[in-house]
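Below are the chains, spelled out letter by letter.
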Amino acid sequence: MRRYLLDFDPAECERVEFDFLIVGSGIAGLSAALDAAESGSVAIVTKDALHEGSTFYSQGGIAAALDAEDSPAAHLEDTLNAGAGLCHREAVSVLVTEGPRCVRKLMRWGARFDTNAHGQLLLGREGAHRARRIVHAHGDSTGREVMCVLMAQARERGIATFENTFTVDVLTDEGGRCLGALALDALGQLRIFQAKATILATGGCGQLYRVTTNPPVVTGDGLAMAFRAGATLRDMEFVQFHPTALAVPREPKFLISEAARGEGAILRNVHGERFMPRYHPMAELAPRDIVARSILEECHRTGSDHALLDLTAHPADFIAQRFPCIYATCKAHGYDPSRQPLPVSPAAHYMMGGVKTDTHGATDIPGLYACGEVANTGVHGANRLASNSLLEGLVF
């Protein structure tokens, strides 16, 4: 079995050397790069523009126990419940305990999260959360705000970035230790990035599916590289389908944030009947896997390919202010959410499984680490709790 995808002669490849190599440039990759920069030289290698990836398009927000009436313990229990009993409790404890500190660090760096007139954070609520604990920015553009802040911090620190550079494989020595990675630059030239520590932050694999909310760059490269290098992949059967992607001819599917249901949006079938109370006591705020299966069940029962998300109890100005991106996109497709329910259906959204790591990001290959969606720390179990994804990228 051939170990590497490409035949190459190391002696003929350009070599660059750094203390830390980060493959990927979303919230996990940039956060890792900023922390690593305190201890040595850092290179970020990303196959598209620095901002391009799932983080940039994230709408809902970051889950963290920042309200005086909330607590990390409550956040932990909600995460365990959503994960169907398959989360690793130690990893979840790290996630929810360190999460508030990480969010506050983003704020110190200049992240402008939504606040009320008194400067207090406006916290949203999403499925399977018992409390309002979702920090959001510009209504439904949290990922864009976070990326702008992290990219600015990376530039300020002078971190080397290599855009439009496709990482082909992680490189290992005869003893199995990771030495860096082989990458293909925009001119088609192979380059070896040598590093003392290589960190995969390449995201998920949504583009393996015909219907997905993930942008085109999310193709599972990091998972494949790690597997070829001999790393353990864990929980790969657990792929989350977001319940409410806008059911119009568009690829990738446009996501209607779960925060819309947190603000009272109701799911109906094509006959106008509300159905979620029949499937779960939390109705529209049930865990994502349950809501997605319930929508599919109603579609099969009614002979339709979509359900309806009803926001019409809210006036247009509220929707436009709370969900400006969603409102504008729906209007562009001919739907006014204040006047008519939106057609929605589930779409592949998030990989809970990934490269097995400990709570410090270490894989079972010396010198190789992973964080973010490509990693499997065990925090998500069988079903990720809403808005724990950006949090995981920050914490781990």
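What is the right way to look at the overall build of the protein in this model?
A tally of helices and strands in the protein yields 11 helices and 17 strands. A globule of 396 residues ought to have a C-alpha radius of gyration of about 21 Å, and the protein, at 21 Å, matches this closely. Here the C-alpha coordinates of the protein stretch approximately 65 × 50 × 40 Å along the principal axes. Counting all 396 residues of the protein, 58% fall into the buried class. Looking at the protein alone, contacts between residues at least 24 apart form 68% of all its contacts between residues at least 6 apart. Of the roughly 16300 Å² of accessible surface on the protein, 51% is carried by carbon and sulfur atoms.

Before we go on, may I ask you to explain the sheet that holds strand S14 (residues 342-351) in this structure?
Spatial strand order, S11-S14-S13-S12: 4 strands in an open sheet with antiparallel pairing. Each of the sheet's edge strands pairs with one partner strand only, and the pair in question is strand S11 (239-246) and strand S12 (266-268). Going from strand to strand, the sheet's axes swing by 45 degrees on average, the running direction of each strand aside. Along the sheet face, helix H8 (residues 288-302) touches S11, S12, strand S13 (307-310) and S14 and points at about 60 degrees away from the line of S11.

What is the right way to read the nonpolar core from this model?
Generally speaking, a soluble globular protein has its nonpolar side chains buried in company with each other. In this structure, Ile62, Val103, Leu106 and Phe113 are the most contacted members of the largest nonpolar core, which totals 48 residues. For this core, the secondary structure elements donating two or more residues are strand S1 (14-23), helix H1 (27-36), strand S2 (42-45), helix H2 (72-82), helix H3 (89-108), helix H4 (142-156), strand S9 (190-200) and helix H11 (388-395). When sequence neighbours within four positions are dropped, the list of residues in contact with Val103 reads Ile62, Ala64, Leu66, Phe113, Val135 and Leu394. In terms of nonpolar packing, the next biggest core, distinct from the first, is built from 26 residues, Val45, Val170, Ala229 and Ile365 among them.

Can you walk me through the packing of H1 against H4 in this structure?
To characterise two packed helices, one gives the angle between the axes of the helices and the distance between these axes. Contact pair H1 / H4: the axes reach a minimum separation of 10 Å and the direction vectors enclose 30 degrees. Here H1 is positioned roughly parallel relative to H4, judged by the angle of their axes. When the axes of H1 and H4 are compared, the crossing they make is left-handed. Contacts from Ile27, Leu30, Ser31 and Leu34 of H1 reach H4 at Val146, Met147, Leu150, Met151, Gln153 and Ala154. The class makeup of the residues in the contact of H1 with H4 is 8 nonpolar, 2 polar and no charged.

How should I be thinking about the layout of surface pockets in this particular structure?
Empty space within the second largest pocket amounts to approximately 350 Å³. Lining the second largest pocket are 22 residues, and of these Ala32, Asp35, Ala36, Ile199 and Phe396 sit closest to its centre. Listing elements by their share of the lining of the second largest pocket, those giving two or more residues are H1, H3, S9, strand S16 (368-370) and H11. For the lining of the second largest pocket, a count of residues per class yields 13 nonpolar, 5 polar and 4 charged.

Please clarify how the packing of aromatic side chains should be interpreted in this entry.
To describe a pair of aromatic rings, one takes the distance between the centres and the angle between the planes. Counted under the stated rule, the structure contains 6 aromatic pairs. A ring pair is formed by Phe18 and Phe162, whose centres lie 6.1 Å apart and whose planes are at 80 degrees; its orientation type is edge-to-face. Of the two residues, Phe18 is situated in strand S1 and Phe162 in strand S6 (residues 160-162); the sequence distance between them amounts to 144 residues. Taken as a pair, Phe18 and Phe162 share a single burial class, namely buried. Seen in terms of ring centroids, Tyr209 and Phe241 are 5.5 Å apart; in terms of plane orientation they differ by 90 degrees. Their pairing is edge-to-face.

Looking at this model, I keep getting lost on empty space enclosed by the protein. Mind explaining?
The rolling of a water-molecule-sized probe over the atoms marks out the regions of remaining empty space. All chains considered together, the criterion is met by 2 cavities of 30 Å³ or more. By volume, the largest cavity amounts to about 70 Å³. Counting only elements with at least two residues in the lining of the largest cavity, the list comes to H1 and H3. At 3 residues, the largest contribution of residues to the lining of the largest cavity is made by H3. Here the lining of the largest cavity is composed, by residue class, of 5 nonpolar, 1 polar and 2 charged. Roughly 50 Å³ of internal volume is contained in the second largest cavity. For the second largest cavity, the full set of lining residues is Cys205, Gly206, Tyr209, Asn214, Val239, Ala348, His349, Tyr350, Met351 and Glu373. Element by element, the count of residues in the lining of the second largest cavity is highest for S14, at 4 residues. Of the residues in the lining of the second largest cavity, the class split is 6 nonpolar, 3 polar and 1 charged.

Is there a simple way to think about the side chain of Thr55 in this case?
With respect to the element layout, Thr55 can be found in the loop between S2 and strand S3 (62-63). For Thr55, a relative accessible area of 10% corresponds to the buried category. What Thr55 contacts, discounting residues up to four positions off in sequence, is Gly26, Ile27, Gly143, Arg144, Met147 and Leu390.

Would you explain the sheet that holds strand S5 (residues 134-135) in this entry?
If you walk across this open sheet you meet the 3 strands as S3-S5-S4, and the pairing is antiparallel. Each end of this open sheet is capped by a strand with a single partner; those strands are S3 and strand S4 (123-124).

Hey, could you run me through H2 in this one?
Every buried residue belonging to H2 is among Ala74, His75, Leu76, Asp78, Thr79, Leu80 and Ala82, and all of these are buried. Positive backbone phi, approximately 60 degrees, marks Ala84, located one or two places after H2.

Just to check I follow, could you spell out the packing of H1 against H11 for this structure?
Two elements in contact, H1 and H11, have axes whose closest approach is 7 Å; the angle formed by their N-to-C orientations is 20 degrees. With respect to their mutual orientation, H1 and H11 come out roughly parallel. The chirality of how H1 crosses H11 is right-handed. Contact residues: H1 offers Ile27, Ala28 and Ser31, while H11 offers Leu390, Gly393 and Leu394. Its residues assigned to classes, the contact of H1 with H11 shows 4 nonpolar, 2 polar and no charged.

Calculation notes
Each residue is numbered by its place in its chain's sequence as written, counting from 1. pLDDT decides what is reported in this predicted model: residues at 70 or higher carry local features, side-chain atom pairs at 80 or more are listed and counted, and totals for whole chains, interfaces and linings draw on all residues regardless. Excluded from the side-chain calculation are hydrogens and water; included are all heavy atoms of the structure. For helices the rule is a DSSP run of H or I covering at least 4 residues; for strands it is a run of E covering at least 2, with both sets numbered from the N terminus onward. Two things to know: the radius of gyration comes from C-alpha atoms, and the globule rule equals 2.2 Å times the number of residues to the power 0.38. When a residue's accessible area, from a 1.4 Å probe over protein chains only, is under 20% of the maximum for its type it is buried; when over 50% it is exposed; and in between it is partly exposed. Contacts are residue-level and defined by heavy atoms, with any inter-residue pair within 4.5 Å sufficient. The Shrake-Rupley method, run with a 1.4 Å probe sphere, supplies the accessible areas, and residue values consider only the shown protein chains as cover. In this analysis, strands are considered paired if DSSP registers two or more bridges between them. The angle between two axes is taken between their N-to-C directions and runs from 0 to 180 degrees, where each axis is a line fitted to C-alpha atoms and a helix contributes only its stretch in contact. Side-chain atoms within 4.5 Å are what join buried Ala, Val, Leu, Ile, Met, Phe, Trp, Tyr and Cys residues into a set we call a nonpolar core. Any angle that falls under 35 degrees is termed roughly parallel, while one over 145 is termed roughly antiparallel, one within 65 to 115 roughly perpendicular, and all others oblique. Left-handed describes a crossing whose near helix is turned anticlockwise from the far helix through less than a right angle; right-handed describes the clockwise counterpart. Under the grouping applied here, Gly and all other residues not named as nonpolar or charged are polar, the nonpolar ones being Ala, Val, Leu, Ile, Met, Phe, Trp, Tyr, Cys and Pro and the charged ones Asp, Glu, Lys and Arg. A cavity, in this analysis, means grid points on a 1 Å lattice covering only the protein atoms where a 1.4 Å probe fits yet has no way out; a pocket is instead an open set bounded by protein on both sides within 12 Å along at least five of seven lines, and a residue lines either one if it has an atom within 4 Å of a point. Grid points are joined across faces, edges and corners, and a volume is the space filled by probe spheres set on the points. Aromatic contacts are taken between Phe, Tyr and Trp rings whose centres are within 6.5 Å, Trp giving its six-membered ring; a plane angle under 30 degrees counts as stacked, one over 60 as edge-to-face, and the others as tilted.

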